[in-house]
Every structure is written in structure tokens, then in C-alpha cells.
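Secondary and tertiary structure notes
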Amino acid sequence: MINNSENFTIAFYNIENLFDVKNDPSTYDDDFTPTSIKRWTPKRYQKKLLKLGTVISQIGEENSEVSPVIIGLAEVENKKVLSDLVTSKNLIEQQYSYIHYDSKDERGIDVALLYKSDLFEVTHSETFSVYFEKEPGVQDYTRDILLVKGKLNNEDINIIVNHWSSRREGTKETEFKRIAAAKVVNSIIKELKSNDSDTKIIVMGDFNDNPNCNSLLMLEQESSLYNPFKTVWSRDNGSLNHHFQWHLFDQILFSTNFFDTSNSKLVFSDAQVFNSKFLTQYTGKYKGQPFRTYSGKKYKGGFSDHFPVFIQLKTS
């Protein structure tokens, strides 16, 4: 049973290309095979699983007696890698279940949700696609958006997990894709609220935009969400580093009823980037940045190019 002072940790983590070692002919996963230029071998795959298990089990541990009850993930290839992750040596004791759907993303990566089924009871899950075109009449496929409904601490909660389109072809040039994703999330929330105007909603993801970008501001304003990561982000604090600048693409937003101390059994208490020293590069010009698995084609043997982020909810 949960004691009265329990904190629930809810996290999100872009785990940087968790692929198995087998080639999937239907996706562009050719880099992640043993014979590719990246030499993605079973040994390297197992090492990554162990490293990710170490991270996930420790997120939010300073303020909570248990590892995160819910963790959204980005960049997972399929159900097999999730099964291997939750049964890996450093995570198996946490007894995570998972939810995953294959999307039509060309790289073959999806979002997923890990959860502790003894604490979070899933009642429904489904995915939503984001439609835009790379040229007139030709659809450009990206990661689907995952909606999971369930009960936490006997309260209904809706979790929406995202991994929006990257900025690889230019921030301005690709902004329309992230705006399109924001519109889909807003429509999901509108539908949820049409059934229950006071329903609790958590939106998490790698948005490939910072808290002050138009796409995130749209979510806040149109769906009445609160983004605690607006004040977490600073010159010295973010979830990823690009050209020696900190960005906070990984965020968790939520409906304002998580502030309702009189009517809610779950109340927001904290938001942080999980950037413990063991997750960083210890030396060199990239000191303090996320210790990644690959830098381009070069194997580094680290965790991910992103830090996890998390919020904590107090039970009342």
C-alpha cells in the first residue's frame, strides 16, 4: 500500500535509437546491424539495455521510494526491444509492463510507455497519426502520438506521449510539422474534455522544440496546460546540448487540476531534468553533456544523447 507521503515519479526519456540487431526490410534500420558501419552488435545492444535500466531505475529516487510509476519513451524500434529492456538485469526487479504500437515512421522508431501495473491500471490505449506532406499529394510519415488512459492512486489520468518531427532540415523549415502535431494533441485533449471537463491530462515527449516555441505555446494556451519546464530550462540546464547550447526538447505538461489540493488525490510538486553526473561525459570539450551511445557513426558506449525529465506528484 502507498503511504500518505508517497511521491509518484512520472518520467520521459528519449533513449537514442534502441534497435535490436536484426535488419527490418520495411524500415531504414540498416545502420543498426552487426555488419553496418556502426557495427551494432549483440554485445553493444546488451550493454545499452543494462545502461538504460540503470538510468530508469534511478529517476526521481531522491524524493520517491520507488522508480517511476510511468515512463514515456522515444526512439524504440519494436516490442522486442521493450521486452528485452524491462527484463534486463538492472530493470527486471521493477516489474514494468509496456504499451507500444508500430507506426509508419520511415526510420522505424516509435514512442512507448512503461508502467508499473500494480500502481497504474491501464484502461485504454490508442495511437493518432500526424498528417503532413513532403510534396503535394505525398504523405510524410512520422511517429504516431500515443494516448494511454488509466487509474493512478484511484484517479483517472490520460497520458499523451509524443516524439515530434526533428529540426534536421532547419528549424523554420520544419516548424509546420511540429505545429501539425500540436494540433493533433489539442484535438485529442478537446475530445477527452468533451467527455469529462475536469479530466486529468499529462502530455509528455521529445517535442524537438523548446518551451518558448510556438508549438508548445499552442499546447499551453489552447488546451489550458501548465508547463513547469519553462522555468527549469536555462543557459546551464537542458535535456540535450547542440553546438554547446542547452535545449529542453523533452518536457512534461499537465492540466492545471494537478494544482487542486482540495479535490485532487494527486498534486504536482516538482519538475526536473535527471542529469546526475554518471549520465554525463566526464572529460573533454563535451564535459557535462549527455554521454551518448553514438556520435555520428562513432560508437561512444554511453546512455543516450538526451537526459530524462520527470515530474513528481504528491498523494493526498
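Described below are features of the structure shown in this document. Worth saying up front: this structure is predicted, and the values here are computed from it rather than measured.

Quick look at the overall build of the protein
Broken down by element type, the protein carries five helices and 18 strands. The C-alpha atoms of the protein give a radius of gyration of 19 Å, which matches the 20 Å a tight globule of 316 residues would have. Taking all 316 residues of the protein together, 56% fall into the buried category. Here the analysis covers contacts within the protein between residues at least 6 apart in sequence; of these, 69% occur between residues at least 24 apart. Of the roughly 14600 Å² of accessible surface on the protein, a fraction of 46% belongs to carbon and sulfur atoms. Taken together, the 38 basic and 42 acidic charged side chains of the protein have centroids lying 7 Å from each other.

Here we look at the packing of aromatic side chains
Here the structure, examined in full by the defined rule, presents 21 aromatic pairs. For the ring pair Tyr226 and Phe259, a centre distance of 5.0 Å and an interplane angle of 80° mean the geometry is edge-to-face. In this pair, Tyr226 sits in strand β11 (residues 225–226) while Phe259 sits in the loop between β14 (250–255) and β15 (266–273), placing the two residues 33 residues apart along the sequence. For Tyr226, a relative accessible area of 32% translates into the label partly exposed. Residue classification places Phe259 among the partly exposed positions, given a relative accessible area of 38%. Pairing Phe291 with Phe303 gives two aromatic rings, centres 6.2 Å apart and planes at 75°, and the pair type is edge-to-face. Residue Phe291 is located in the loop between β15 and β16 (294–295), and its partner Phe303 is located in the loop between β17 (298–299) and β18 (309–315); the two are separated by 12 residues in the primary sequence.

A closer look at the sheet that holds strand β3 (residues 96–100)
An order of β3-β4-β2-β1-β18-β15 is seen for the six strands of this open sheet, with the pairing classed as mixed. For this open sheet the edge positions go to β3 and β15, each flanked by a neighbour on one side alone. Going across the sheet, the axis of each strand differs from the next one's by a mean of 20°, ignoring polarity. Examined bridge by bridge, β3 and strand β4 (residues 110–116) share five bridges and lie antiparallel to one another. Across the sheet, His100 pairs through a bridge with Ala112, a residue of β4. Across the face of the sheet, helix α1 (residues 42–58) comes into contact with β1 (7–18), β2 (70–76), β3 and β4 while running at roughly 160° to β1.

A word on helix α4 (residues 214–223)
Restricting attention to buried positions, one finds in α4 the residues Ser215, Leu216, Met218, Leu219, Glu220 and Ser223. Packed against the buried residues of α4 are α3 (171–195), β10 (200–206), β11, α5 (229–232) and β14.

Structural notes on α1
Over its 17 residues, α1 extends 25 Å from the first C-alpha to the last, a length consistent with the 24 Å expected when each residue adds 1.5 Å. Buried within α1 are the following residues: Arg44, Tyr45, Lys48, Leu49, Lys51, Leu52, Gly53, Val55, Ile56 and Ser57. Note on α1: the residue one or two positions beyond its end, Gly60, has a positive phi of about 75°.

Things to note about the nonpolar core
A general trend in soluble globular proteins is that nonpolar side chains are found buried together. Formed by 65 residues in total, the largest nonpolar core has its most connected members in Ile159 and Ile202. Per-element tally for this core: the top contributor is β1, with seven residues. If we ignore the near neighbours within four places in the chain, the residues touching Ile202 are Ile10, Ile157, Asn158, Ile159, Ile160, Ile252, Leu253, Phe254, Phe258 and Leu313. In this structure, Ile145, Ala181, Val203 and Leu225 belong to the second largest nonpolar core, which totals 23 residues.

So, the side chain of His247
Mapped onto the fold, His247 is located in strand β13 (residues 245–247). For His247, a relative accessible area of 11% puts it in the buried group. Only 3.1 Å separates the side chain of His247 from the side chain of Asn210, close enough to count as a polar contact. Filtering out sequence-adjacent residues up to four positions away, His247 remains in contact with Arg167, Asn210, Trp233, Gly238, Ser239, Leu240 and His242.

Definitions and cut-offs
- Residues numbered from 1 in each chain as written.
- Predicted model: local features only at pLDDT ≥ 70, side-chain atom pairs only at ≥ 80, totals over all residues.
- Heavy atoms only, no water.
- Helix = DSSP H or I, 4+ residues; strand = E, 2+ residues; numbered from the N terminus.
- Rg over C-alpha atoms; globule rule 2.2 N^0.38 Å.
- Buried < 20%, exposed > 50% of the residue type's maximum accessible area, 1.4 Å probe, protein only.
- Contact = heavy atoms within 4.5 Å.
- Areas by Shrake-Rupley, 256 points an atom, 1.4 Å probe, with all protein chains shown as cover.
- Lys, Arg positive; Asp, Glu negative; His and termini not counted.
- Charge placed at Lys NZ, Arg CZ, Asp CG, Glu CD.
- Phe/Tyr/Trp six-rings, centres within 6.5 Å; stacked < 30°, edge-to-face > 60°.
- Pairing = 2+ DSSP bridges.
- Axes fitted to C-alpha atoms, helices over the stretch in contact; angles between N-to-C directions.
- Expected span 1.5 Å × (residues − 1).
- Core = buried A, V, L, I, M, F, W, Y, C linked by side-chain atoms within 4.5 Å.
- Polar contact = N/O pair within 3.5 Å; in protein donor to acceptor, adjacent residues only side chain to side chain.

Honestly, that's just the spatial picture; any functional story needs more than this.
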